[in-house]
Amino acid sequence: QVQLVESGGGLVQPGGSLRLSCVGSGFTFSNYGMSWYRQAPGKERELVARIFAGGSTNYADSVKGRFTISRDNAKNTMYLQMNSLKPDDTAVYYCKAHYIDYWGQGTQVTVSS
């Protein structure tokens, strides 16, 4: 069955960096576009970045220039490099495969001094 496992979250100071990973299994990873979402306390889940099967990407305005999404199909893994982190980036981050109705457990990112 489909599984998505996020990792790499943690506590970081403002201006710091983190790299999130998402490992997919149970489907042909390379055939699917993938996305990162996040959900802050009391807020709706929002799209952060997408990477399509062909490699093209797009980003939410709030993270453009600071976050970079990438993928390694040989490892069935997607990444989110997050730089210049702000307190507003605090959230649980989730990965999702396009057109597959499955959410992983997420990974907590907390940006605080």
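What counts and what doesn't
- Residues numbered from 1 in each chain as written.
- Predicted model: local features only at pLDDT ≥ 70, side-chain atom pairs only at ≥ 80, totals over all residues.
- Heavy atoms only, no water.
- Helix = DSSP H or I, 4+ residues; strand = E, 2+ residues; numbered from the N terminus.
- Buried < 20%, exposed > 50% of the residue type's maximum accessible area, 1.4 Å probe, protein only.
- Salt bridge = Lys/Arg side-chain N within 4 Å of Asp/Glu carboxyl O.
- Contact = heavy atoms within 4.5 Å.
- Pairing = 2+ DSSP bridges.
- Axes fitted to C-alpha atoms, helices over the stretch in contact; angles between N-to-C directions.
- Phe/Tyr/Trp six-rings, centres within 6.5 Å; stacked < 30°, edge-to-face > 60°.
- Lys NZ or Arg CZ within 6 Å of the ring centre and 35° of its normal.

A. Highlighting the overall build of the chain. Counting its secondary structure elements, the chain contains zero helices and 10 strands. In sequence order, the secondary structure elements of the chain are arranged as β-β-β-β-β-β-β-β-β-β. On the principal axes, the C-alpha backbone points of the chain span a range of 40 × 25 × 25 Å. Burial status across the chain gives 43% buried among its 113 residues.

B. Highlighting the pattern of salt bridges. Within this structure, the stated rule accounts for four salt bridges. A salt bridge links Glu46 to Arg38; its shortest N-O distance comes to 2.6 Å. Take Glu46: its relative accessible area is 36%, and that puts it in the partly exposed class. Among the residues examined, Arg38 registers a relative accessible area of 6% and is labelled buried.

C. The arrangement of the side chain of Ser21 in detail. Take Ser21: it is sitting in strand β3 (residues 18-25). What makes Ser21 buried here is its relative accessible area of 17%. If we skip the residues at most four places from it in the chain, Ser21 touches Val5, Glu6, Ser7, Trp36, Thr77, Met78 and Tyr79.

D. Representation of unusual backbone geometry within the structure. The backbone phi angle of Asn76 is positive, close to 50 degrees, even though this residue is not glycine. If you trace the backbone, Asn76 turns up in the loop between β7 (67-72) and β8 (77-82). Positive phi is not limited to glycine here, since Tyr99 has a value of about 70 degrees. For Tyr99, the position within the fold is in the loop between β9 (91-97) and β10 (107-111).

E. Region of the structure containing the sheet that holds β8. Pairing is antiparallel across the open sheet formed by four strands, whose spatial order is β1-β3-β8-β7. Strand pairing shows two members of the sheet lacking a second neighbour, β1 (3-7) and β7, which therefore form its edges. Geometrically, the sheet is characterised by an average inter-axis angle of 15 degrees between neighbouring strands, direction not taken into account. Relative to β8, β3 runs antiparallel, the two sharing six bridges. Residue pairing for β8: Leu20 is matched across the bridge by Leu80.

F. Quick look at the packing of aromatic side chains. Counted under the stated rule, the structure contains four aromatic pairs. For the pair Phe27 and Tyr32, a centre-to-centre distance of 5.4 Å together with 90 degrees between the ring planes defines the contact as edge-to-face. Residue classification places Tyr32 among the partly exposed positions, given a relative accessible area of 27%. Taken together, a centroid distance of 6.1 Å and an interplanar angle of 85 degrees make the contact between Tyr94 and Trp103 edge-to-face. Its relative accessible area of 12% is what places Tyr94 among the buried residues. For Trp103, a relative accessible area of 32% corresponds to the partly exposed category. Taking NZ or CZ as reference, Lys96 lies 5.8 Å from the ring centre of Trp103, over its face.

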